[in-house]
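Listed below, chain by chain, are the residues.
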Amino acid sequence: LGIVAAQSGIPTLLVDADLRNPSLSQRFGLGKNAGLSDLLKEDAIPPQKLASYLQTTFVPHLRLLGAGNSTSEAATLLLSPKLTEVVESIRQYLKQTETTPGIILFHSPAVLEGADTSLLAALADQTFLTIIKDHTTRAQAKQAQEQLQRAHAKLAGIILLNA
């Protein structure tokens, strides 16, 4: 989704919010840098500081905020009140640095793995539930949808992956 948006000319910021099992930096062939987990530990996040955490990808208009340096408490960092401030800082950064409206995509762990994904979804303008064909059961999909609804996520649709 991030690649398609960026290829359409939309400034896109992809955030690896799967702090338990980060994978996006590797998928984009980028080295491991400071990222989301590090931002969640910062006292203040001005735009210039946020910019130093972003990595340019091989796709024009697509930047990545990696998961960051792994720590033992990385996943619990998303449960902190700091998450709201980080999300707002990312929004403000895009507004200040882009001439056209951009999109922020959060790649998060499976909904049923913990509360962090539901917390992120509640902060997002739209949430898409991803189902993996022949992997996600109907009961799991329904349970994930209900969990997102309880978190007051704005569920915009479902994406079916044939992985």
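Our subject is the structure listed above.
The text that follows walks through the structure, step by step, so that each part is easy to find. (Residues numbered from 1 in each chain as written. Predicted model: local features only at pLDDT ≥ 70, side-chain atom pairs only at ≥ 80, totals over all residues. Heavy atoms only, no water.)

So, the side chain of S118
Here comes step 1: As for its position among the elements, S118 is in helix α7 (residues 116-123).
Here comes step 2: What makes S118 buried here is its relative accessible area of 8%.
Here comes step 3: Within the structure, S118 has its side chain in polar contact with the side chain of Q147 (distance 3.1 Å). (Helix = DSSP H or I, 4+ residues; strand = E, 2+ residues; numbered from the N terminus. Buried < 20%, exposed > 50% of the residue type's maximum accessible area, 1.4 Å probe, protein only. Polar contact = N/O pair within 3.5 Å; in protein donor to acceptor, adjacent residues only side chain to side chain.)

Points about helix α8 (residues 138-150)
Here comes step 1: Taking 1.5 Å per residue, 13 residues should reach 18 Å; α8 reaches 18 Å between its end C-alpha atoms and fits that length.
Here comes step 2: Three or more residues of α8 are buried, namely A141, A144, Q147 and L148. Down the axis of α8, the smallest arc covering the buried residues is 125°, so these residues share one side. Away from its buried face, by an angle of more than 90 degrees, α8 presents the exposed residues R138, A139 and R150.
Here comes step 3: In this structure, the buried side of α8 is in contact with α7, β5 (127-132) and β6 (155-161). (Expected span 1.5 Å × (residues − 1). Arc of directions from axis to C-beta. Contact = heavy atoms within 4.5 Å.)

Let's talk about the packing of aromatic side chains
Here comes step 1: If you walk through the whole model with that rule in mind, you get one aromatic pair.
Here comes step 2: Measuring from centroid to centroid gives 5.6 Å for F28 and F58, while their planes differ by 40°, and the two rings are tilted. Of this pair, F28 sits in the loop between α2 (24-27) and α3 (36-39) while F58 sits in the loop between β2 (54-56) and β3 (62-65), and the two are 30 residues apart along the sequence.
Here comes step 3: The class for F58 is exposed, based on a relative accessible area of 59%. (Phe/Tyr/Trp six-rings, centres within 6.5 Å; stacked < 30°, edge-to-face > 60°.)

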